[in-house]
Amino acid sequence: ATPTAVMVATGVGASHGVLIKGGDALERAQNVHYVIFDKTGTLTQGKAAVTTAKVFTEMELADFLTLVASAEASSEHPLARAILDYAYHYHFFDKLPSVEGAAKQSREEILSEWLLEAIEFSALPGRGVQCLINEKKVLVGNRALLAENGVPVPTEAENFLIDLEVNGKTGILVAYDGSFVGLLGIADPLKREAAVVVEGIKKLGVHPVMVTGDNWRTAQAVAKEVGIEDVRAEVMPAGKADVIRSLQKDGSIVAMVGDGINDSPALAAADVGMAIGLERISLLKLRTTSW
Ligand code: ADP
Ligand code: MG
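This section reports on the structure supplied with the text. In this text, all values refer to a predicted model and were calculated from it rather than measured experimentally. (Residues numbered from 1 in each chain as written. Chains lettered and ligands numbered in written order. Predicted model: local features only at pLDDT ≥ 70, side-chain atom pairs only at ≥ 80, totals over all residues. Heavy atoms only, no water.)

1. A look at unusual backbone geometry
And step 1. The backbone of E135 shows a phi angle near 65°, a positive value even though the residue is not glycine.
And step 2. Secondary-structure assignment places E135 in the loop between β5 (128-133) and β6 (136-141).
And step 3. With a phi angle near 55°, E234 is a residue other than glycine that sits in the positive phi range.
And step 4. Turning to its location among the elements, E234 is positioned in the loop between β10 (230-232) and α12 (239-248).
And step 5. Its relative accessible area of 46% is what places E234 among the partly exposed residues. (Helix = DSSP H or I, 4+ residues; strand = E, 2+ residues; numbered from the N terminus. Buried < 20%, exposed > 50% of the residue type's maximum accessible area, 1.4 Å probe, protein only.)

2. Observations regarding the sheet that holds β5
And step 1. Read across the sheet, 6 strands follow the order β3-β8-β7-β6-β5-β4 without closing on themselves; strand pairing throughout is antiparallel. The open sheet terminates on both sides in strands that have one partner only, identified here as β3 (49-55) and β4 (118-124). Taking the axes of each pair of neighbouring strands and ignoring which way they run, one obtains an average angle of 15° across the sheet.
And step 2. In this sheet, β5 lies alongside β4 in antiparallel orientation, the contact comprising 5 bridges. Bridge assignment links L124 to a residue of β5, and that residue is G128. (Pairing = 2+ DSSP bridges. Axes fitted to C-alpha atoms, helices over the stretch in contact; angles between N-to-C directions.)

3. As for the environment of E113
And step 1. Topologically, E113 is positioned in helix α7 (residues 107-114).
And step 2. Considering only alpha carbons, one finds E113 and T66, 47 residues apart in sequence, at a separation of 11 Å.

4. Things to note about the packing of aromatic side chains
And step 1. For the structure shown, the criterion picks out 2 aromatic pairs.
And step 2. Between F56 and F160, the aromatic rings sit 6.0 Å apart at their centres with planes inclined by 75°, giving edge-to-face as the arrangement. Taken together, the residues F56 in the loop between β3 and α4 (61-72) and F160 in helix α9 (residues 155-166) connect sequence positions 104 residues apart.
And step 3. The class of F160 is partly exposed, set by a relative accessible area of 26%.
And step 4. One aromatic cluster in this structure is built from F56, F160 and F180.
And step 5. Seen from the ring of F56, K54 lies directly overhead, with NZ or CZ sitting 5.3 Å from the centre. (Phe/Tyr/Trp six-rings, centres within 6.5 Å; stacked < 30°, edge-to-face > 60°. Lys NZ or Arg CZ within 6 Å of the ring centre and 35° of its normal.)

5. A closer look at the environment of I253
And step 1. Note on placement: I253 falls in the loop between α12 and β11 (254-258).
And step 2. The class for I253 is buried, based on a relative accessible area of 18%.
And step 3. Between the C-alpha atom of I253 and that of L115, which follows or precedes it by 138 residues, the distance is 48 Å.

6. Structural notes on the pairing of strand β9 (residues 207-211)
And step 1. For β9, the buried fraction is high: 4 of the 5 residues fall into the buried class.
And step 2. Judged from the 5 bridges that link them, strand β2 (residues 34-38) and β9 form a sheet pairing that is parallel. What sits directly across from D38, in β9, is V211.
And step 3. Since β9 and β10 lie parallel, the crossover through helix α11 (residues 216-226) that links them has a hand, and here it is right-handed. (Right-handed = clockwise from strand over helix to strand, strands pointing away.)

7. Considerations on the site of ligand 1
And step 1. T40, E72, H77, T212 and G213 are the nearest of the 20 residues found near ligand 1.
And step 2. Taking T40, its side chain carries an N or O atom lying 2.5 Å from an oxygen atom of ligand 1.
And step 3. A distance of 2.7 Å separates an oxygen atom of ligand 1 from a polar backbone atom of G213.
And step 4. Out of a free accessible area of 560 Å², ligand 1 has 95% covered by protein chains.
And step 5. Looking at the shell around ligand 1 residue by residue, the class counts come to 4 nonpolar, 11 polar and 5 charged. (Near = heavy atom within 4 Å. Polar contact = N/O pair within 3.5 Å; in protein donor to acceptor, adjacent residues only side chain to side chain. Areas by Shrake-Rupley, 256 points an atom, 1.4 Å probe, with all protein chains shown as cover. Nonpolar A, V, L, I, M, F, W, Y, C, P; charged D, E, K, R; others polar.)

8. Regarding α11
And step 1. Those residues of α11 not exposed but buried are T218, A219, A221, V222, A223 and V226.
And step 2. Where α11 is buried, its residues contact α3 (39-43), α9, β7 (170-176), α10 (194-203), β9 and β10.
And step 3. With a side-chain oxygen lying 3.0 Å from the backbone nitrogen of R217, the N-terminal cap of α11 falls on N215.
And step 4. Following α11 by one or two positions, G227 adopts a phi angle in the positive range, close to 90°. (Contact = heavy atoms within 4.5 Å.)

9. A few points about the nonpolar core
And step 1. Counting residues in hydrophobic clusters, the biggest one holds 30 residues, and the most contacted among them are F64, V140, L184 and I186.
And step 2. Of all the secondary structure elements, the ones that give two or more residues to this core are β3, α4, α5 (78-95), α7, β5, β6, β7 and β8 (179-187).
And step 3. Broken down by element, the residue count for this core peaks at 7 residues, all from α5.
And step 4. When sequence neighbours within four positions are dropped, the list of residues in contact with F64 reads K54, V55, M59, V174, V181, G182, L183 and L184.
And step 5. The next biggest cluster of nonpolar side chains, apart from the first, holds 24 residues, and it includes F37, V222, A223 and I276. (Core = buried A, V, L, I, M, F, W, Y, C linked by side-chain atoms within 4.5 Å.)

The following block contains the structure:
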């Protein structure tokens, strides 16, 4: 491509919410062998929503939701936002004296009324969050997080979790003071164009791969829905770049499509890194039509 064509393409990309770094990225993009897709926020809408909340102890559901939302309040992860939204709406109808009274309060005021104080908060990439609430340790995240902390998950809960996962949902486990309490099921629908984009790049002879920090069952269910056979799941944020480097070993050219949230190392490791906005996967449309 001439420099002018590259400039125009970069401009077109930017207007579609696509960041193209350097003109040579466009040249390399013409010979791509693999396109690696991040799952959350890239193939999926990144608009996660809680679909199930289930307590496996004596704890009341309202208290469980308060606990989880309080632990997630400082997290910026899309899953945390989904949990806070769900808890907020639950309490909105459960606890407020009247809708009239509620209308006078902002969301933040309502939240601050019932969120518990969480101290020593830490976000654990690829696993979840931990903090102290009422001087007790709270864990919210995946199996690995609970296992690392020596918290067993009862068989009944594990079966419930597997059922969520085979249906493409992400299960979030909650432990309080060293014991498992309950779990949440979170759905994040595919972007409307995701499947047709995957089909399109297959037609070009390019091999699509999905890489995600999410668990194997959820990853495979989502991959099946979108038409990707090659899946790499339970990959920590730093491991995504390793996946790319291993594919490059035989000289293959690898493109990475991510939302840029925790996949920047992978975007940088790829021959072509495409950071897309949450709205659509438009760079691939550009590639199939005008390049
Ligand atoms: P992806 O690769 O799909 O973008 P991440 O690497 O961000 O996913 O997260 C991987 C997994 O870690 C999630 O599926 C979830 O189980 C867990 N996790 C990460 N952050 C959080 C959080 N704030 N709350 C609960 N679970 C989390
Ligand atoms: Mg992501």
